Amino acid sequence: MVGALAIALFVVPLAAAWWSAPGAPEVHLPAIERFDKPRVEASQLDSRGGGPDRFLPAVALLGTVVVAGAFAMDRWRGRREWRPVAASTSGREFGPPSGDRRARRTARQTRLPGRWWPGLLALVLATITVALVAQHYTGGPIVEDDHVDDGLVALGPDTGSILEIGRHAVRSAHRRPKIVALTFDDGPDPRWTPQILDVLAREHVPATFFVVGQHVVDNPDLARRILGQGGEIGVHTYRHRETTMQSRSELERDLRLTQLAIIGATGRGTALFRPPFITDRSNVGLHQYGALAIAAEDGYLTVLADQDSTDWSRPGVAVIALRAMPVAGGGGIIELHDGGGDRSQTVAALPLLIRALRSSGYQFETVSSMAQLSAARVMPERDGIVYTWGRAFVAAMRMSETIAKWFVVLVIAFAAMSLARLTLVLVGAVRHRRRDRSTLMDADLPPVSVIIAAYNEEDSITATLRSLSATSSDSLQIVVVDDGSTDQTARVVAAFPDSRIVLVPLEHGGKAQALAEGLARCAAEIVVTVDADTRLDPAALRALVGPLADDRVGGVSGNLRVSDPQGVLGVTQQLEYMIGNAFDRRALDLIATQVTIPGAAGAYRRSALDSVGGFDDATLAEDTDMTLALVAAGWQVRFAPDALALTSTPQTLRALWRQRSRWSFGIAQAVWQRRSMVAHPRLRPRAAATWLFAFVSQVLLPLMAPLFDVAAIWALTAGARTPVVVWLGFGVAQLGAAAIALRIEGQSLRWLRAYPLHLVGYRQLTACVVVQTVVWAAAGRIPSWGSGRRTRSLIRNRDGARARAGQPDVAHSEAA
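Predicted model only: the values in this text are computed from it and were never measured.

How do you make sense of the overall build of the protein when you look at a structure like this?
When its secondary structure is counted, the protein shows 24 helices and 21 strands. For the protein, buried positions account for 56% of its 816 residues. In the protein, the share of contacts with a sequence separation of at least 24, taken over all contacts with a separation of at least 6, comes to 82%. Surface exposure of the protein reaches about 34300 Å², of which carbon and sulfur atoms provide 57%.

Structure representation (structure tokens):
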């Protein structure tokens, strides 16, 4: 709820500003001023119909509100599961307290978190979307002059520089002799504006600054300093974009956002407006007059210039001072710049100009004073809701810039890490393939004990036993642990015609407990684990135990394939398995390590298992945890490419999600528990490299992957090409790597037909699983399976007692 409130405080000011930010305080020039008829007809003015520029903010706001509401309702309604803590060893299932009414939550009761993580993910994505919308709108001033020259001068030569524009008439304030107003455009700039203010303070000269809205957001303290020195502020649009290139709605939004930024920074509004790229009356054509009329309808007085210093072109200090001097002793408004580029010449020319004007008898006033208007009318105080709204808008815009900057940093970091990882494993895999010397047992197998942990596998265990029985070795022992199956698994195993099979019935307690029980029944020094739904190739067992001839090797990983790759999910998982085996496992084998010895096809040295405490249920990925433990203890872990094993994979999205949730959470647990492996990397380089590879590949990159996709989607909507090109280029690079992986594995390139689904769909699904893992870990939740009961903490104490009551039904699938 706190997160939803924080995001709402960020989104609401931005979305509200897009729809209805405040306009300028309506100010009229004194009646004594001049009226002129413009040289354009009202019927000629461009209607400037607005496009759907509010679509993205509306979608972002609506999505945020919907998700926040669903999140709040989910937390309010409860989806609560109650459990008695003290009675957790009694085997009671979770449920509400006894009685008809819900009891108050006490120290003896706790509530498991509901399935609110998708809402949290959607809130985060909505926040990023809103931040990108805002940042795209304020991505940088447009300094190119897109001035539309229609060959028409809309204002007469006698029209003044301070204009109250109407569709049928123009009221203007004329310049007065020996009175000048210094004006500065394009700021406030953190480098040049303070230097200009220092000069003005020394010379005791007021000035008017026409500010760019996004610069006010970045430098609100400079806006306050301008007013503190007796100056005043006007609007110069939010992005410094040519007004004739904007629709009516875009121009109105530009003006109102700038107004809101000024209010948020100073607590005052302003009625002054100077359009970019329009210096004096000669620049106002039909299109420009239409834009100025829109600004006037919003309450603004337009301020042009009588003298253009052209300091923006950096012609030299003396030239700037000379061009800014009024002609023939007349007064007027002088245009200078305090932002938008290198303004060192302006800073140097300003003292010269001020002294030259004073020596010629000129007096300095602000624009409002020149128009005979009080400062209180031109820049009235705005308090209450509008001021609070303005401050929230400035804070939200600054936050959006921060979010966008970090977003870019994370996307670049993801691309760099992914490319580096892909390059390293590609080079390593190719090198491994060239020097591959698979170790096969030519003689009889040494004594080997095979452990099969089975839970409700009556349909598949026969094929598994048949593949093992094909190995003609009297020293082979097959230990089948029936982990409390509720079907006919035990009967099928007992009826199988092979005297080497040992059936161990066990009360259901999870795969780790079954493996530990099977290990206690093993008689051989070499222990092989096989899943009950996995079939070994005839030569796989010999290839699997071959590397154990080296006394330094504590474990060996087999080469997994999908047994029956049917449908898009099966083909996609087959491609994933082959890429992982061809790249990750081969590259890691160069330094005699692995991240995971899969339970579906793995071999261990019994003494190595005993040295790290054997199998336990401290994590949901006992195979990854065991592998990292062996590496941390100094054992080598190898990969046997010829040890082919065909394993079953989920055939539905629901089953795939459940499997990957367990894998992801278990791997995260194992990586967290083995974080000490990165200590003293010089003394233990293999352990540090293994842990870093596991963390980057299994946790960090999948967690960052959605940002890369969001960047590409946003680039498509915003019209940016670079992120889309990078995304496509990265996809092509992965496609090429997949083709190389298939060749290394000796497979047909026809498997690449699943790559589009792997790139768009499958990868995003696995990334969402990792996000779910992080949220569940932060909430202290462990994925529930079957009955959904779970009493264990996130990281269990390995040395403590193993409480068996209340444990869930755990699916027998391992992290490959």
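Now, onward.
Even after reading the chapter, I still don't get the nonpolar core, so can you show me in this structure?
In summary, soluble globular proteins display a tendency toward joint burial of nonpolar side chains. Within the largest apolar cluster, 85 residues are counted, with the highest numbers of intra-cluster contacts made by Leu182, Phe184, Leu200, Phe209, Leu350 and Phe393. For Leu350, the residues in contact, after removing those within four places along its chain, are Leu182, Phe184, Ile196, Val199, Leu200 and Leu336. Ranked by size, the runner-up nonpolar core spans 72 residues in total, among them Cys522, Trp635, Phe708 and Phe730.

Explanation requested: empty space enclosed by the protein in the structure shown.
In this approach a probe as big as a water molecule rolls over the atoms, and the regions it shows empty are the leftover space. Per the counting criterion, the structure on display carries nine cavities of 30 Å³ or more. Of the pockets and cavities examined, the largest cavity occupies roughly 1200 Å³. Looking at the largest cavity, it is lined by 41 residues, and the ones nearest its centre are Arg421, Glu576, Asp584, Ser697 and Gln698. The set of elements that each furnish at least two residues to the lining of the largest cavity consists of α13 (385-434), α18 (567-589), α21 (653-673), α22 (685-718), α23 (722-744) and α24 (755-779). Looking at the lining of the largest cavity residue by residue, the class counts come to 24 nonpolar, eleven polar and six charged.

Help me out: how do you make sense of helix α9 (residues 317-324) in this one?
One turn of the α-helix equals 3.6 residues, which is why residues spaced by three or four share an orientation. Regarding α9, the residues found buried are Ile320, Ala321 and Ala324. The arc that holds every buried residue of α9, seen down its axis, measures 95°, which confines them to one face. Residues of α9 that are exposed and angled more than 90 degrees away from the buried face: Ala318 and Leu322. Looking at the buried side of α9, the elements it contacts are β11 (307-308), β12 (332-337) and α10 (344-359).

Looking at this structure, I do not really get the sheet that holds strand β17 (residues 526-531). What am I missing?
Strand pairs in the sheet, formed through backbone hydrogen bonds, run parallel or antiparallel to each other. The eight strands lie next to each other as β16-β15-β14-β17-β20-β19-β21-β18, forming an open sheet whose pairing is mixed. Lying at the two open borders of the sheet, with one neighbouring strand each, are β16 (501-506) and β18 (534-536). Each neighbouring strand pair of the sheet contributes to a mean axis angle of 30°, computed without reference to strand direction. Strand direction decides the pairing type here: strand β19 (residues 553-562) and strand β21 (residues 636-647), joined by eight bridges, are parallel. The residue bridging Gly555 from the neighbouring strand is Val637, located in β21. Against the sheet, helix α14 (residues 461-469) makes contact with β14 (448-454), β15 (476-483), β16, β17 and β18, and its axis sits at roughly 15° relative to β18, the strand it touches most. Sheet contacts for helix α16 (residues 511-521): β14, β15, β16 and β17; angle to β15, the most-contacted strand, approximately 145°.

Would you explain unusual backbone geometry in this entry?
With an omega of 0°, the peptide bond running from Gly187 to Pro188 counts as cis. A positive phi angle is found at Thr310, which is not glycine, with a value near 50°. For Thr310, the location among the structural elements is in the loop between β11 and α9. The backbone of Asn456 sits at a positive phi, close to 55°, despite the residue not being glycine.

Quick question: what am I supposed to make of the confidence of the model for the protein here?
Close inspection of predicted coordinates is inappropriate in any region flagged by low pLDDT. Scored by pLDDT, the protein has a mean of 81; 78% of the residues are at 70 or more. For the protein, per-element mean pLDDT is lowest for strand β3 (residues 109-111), which scores 38, and highest for strand β7 (residues 208-211), which scores 97. For the stretch residues 77-114, pLDDT sits under 50, and the model shows 53 contacts to residues farther than four places along the chain or on other chains. Segment residues 785-816: pLDDT under 50, and 102 contacts once partners within four positions in sequence are set aside and those in other chains are kept.

Help me understand the packing of helix α4 (residues 192-203) against helix α6 (residues 220-228), please; the structure alone is not making it clear to me.
When two helices pack together, their arrangement is given by the angle between their axes and by how far apart the axes lie. Packing of α4 against α6 brings their axes to within 11 Å, and their N-to-C directions diverge by 15°. Our classification of the angle between α4 and α6 gives roughly parallel. Here α4 and α6 pass one another in a crossing that is left-handed. Seen from α4, the contacting residues are Thr193, Pro194, Leu197 and Asp198; seen from α6, they are Leu222, Arg225 and Ile226.

Mind showing me how you'd approach the packing of α4 against α10 here?
Two numbers describe how α4 lies on α10: the axes approach to 9 Å, and their chain directions differ by 20°. Taken together, the axes of α4 and α10 are roughly parallel relative to one another. In this structure, α4 meets α10 at a crossing whose hand is right-handed. Note on element contacts: α10 touches α4 through Ser344, Thr346, Val347, Leu350, Pro351, Ile354, Arg355 and Arg358, opposite Trp192, Gln195, Ile196, Val199, Leu200 and Glu203. Of the residues in the contact of α4 with α10, the class split is eight nonpolar, three polar and three charged.

Teacher, can you tell me more about the side chain of Ser664 here?
Of note, Ser664 is situated in helix α21. Side chain to side chain, Ser664 and Thr773 meet in a polar contact 2.7 Å long. Residue contacts for Ser664: discarding those within four places in its chain leaves Val769, Val770 and Thr773.

It is not clear to me how the environment of Gln229 should be interpreted in this structure. Could you clarify?
Position of Gln229 among the secondary structure elements: in the loop between α6 and β8 (232-235). In this structure, the C-alpha to C-alpha distance between Gln229 and Leu197, residues 32 residues apart in sequence, is 8.0 Å. If sequence neighbours within four positions are ignored, Gln229 has contacts with Leu197, Leu200 and Ala201.

Is there a simple way to think about the pairing of strand β5 (residues 170-173) in this case?
When a strand is regular, its side chains alternate between the sheet's two faces. Judged by which residues are buried, β5 turns out to be covered on both faces: Val170 and Ser172 on one side and Arg171 and Ala173 on the other are all buried. Between the antiparallel neighbours strand β4 (residues 162-165) and β5 lie four residues.

How should the pairing of strand β6 (residues 179-187) be read in this particular structure?
Counting buried positions along β6 gives nine out of nine residues, so the element sits mostly inside the fold. Bridge analysis of β6 against strand β13 (residues 363-364) gives two bridges, and the strand direction is parallel. Considered in β13, the bridge of Val180 is made with Phe364. Sheet topology note: the β6/β12 ladder contains six bridges and is parallel. Along β12, the bridge assignment pairs Ala181 with Ile333. Looking at chain direction, β6 and β7 are connected through four bridges and run parallel.

Cut-offs applied
- Going along each chain's sequence as written, the residues are numbered from 1 onward.
- The model is predicted, so local features are restricted to residues of pLDDT at least 70 and side-chain atom pairs to those at 80 or more, both for listing and for counting; the totals for chains, interfaces and linings are taken over all residues.
- Note that the side-chain values use all heavy atoms of the structure and ignore hydrogens as well as water.
- Numbering of helices and strands runs from the N terminus, with a helix taken as a DSSP run of H or I at least four residues long and a strand as a DSSP run of E at least two residues long.
- Partly exposed describes any residue whose relative accessible area lies between the buried limit of under 20% and the exposed limit of over 50%, with all areas from a 1.4 Å probe on protein chains only and scaled to the type maximum.
- The contact rule is simple, with two residues in contact once any of their heavy atoms fall within 4.5 Å.
- Surface accessibility follows the Shrake-Rupley procedure with a 1.4 Å probe radius. Residue values consider only the protein chains on display as shielding.
- The nonpolar core is taken to be a set of buried Ala, Val, Leu, Ile, Met, Phe, Trp, Tyr and Cys residues, with the residues joined through side-chain atoms within 4.5 Å.
- The pocket and cavity definitions rest on a 1 Å grid over protein atoms only: a 1.4 Å probe that fits but cannot leave marks a cavity, an open set with protein on both sides within 12 Å along at least five of seven lines marks a pocket, and residues lining either have an atom within 4 Å of a point.
- Grid points are joined across faces, edges and corners, and a volume is the space filled by probe spheres set on the points.
- Following the grouping adopted for this structure description, the nonpolar residues are Ala, Val, Leu, Ile, Met, Phe, Trp, Tyr, Cys and Pro, the charged ones are Asp, Glu, Lys and Arg, and the polar ones are all others, Gly among them.
- Along the arc lie the directions from the helix axis toward the C-beta atoms.
- At least two DSSP bridges between two strands are needed for those strands to be called paired.
- To get an axis, a line is fitted to the C-alpha atoms, and for a helix only the part in contact is used. The angle between two axes follows their N-to-C directions and goes from 0 to 180 degrees.
- Residue-level confidence of the predictor is what pLDDT reports, using numbers from 0 through 100.
- An angle below 35 degrees is read as roughly parallel, one above 145 as roughly antiparallel, one from 65 to 115 as roughly perpendicular, and any other as oblique.
- Should the near helix be turned anticlockwise from the far one by less than a right angle, the crossing is left-handed, and should it be turned clockwise, the crossing is right-handed.
- Throughout this description, a polar contact denotes any pair of N or O atoms lying within 3.5 Å of each other; where both atoms belong to protein, one of them has to be capable of donating a hydrogen while the other can accept it, and for residues adjacent in sequence the pair is counted only when both atoms sit in side chains.

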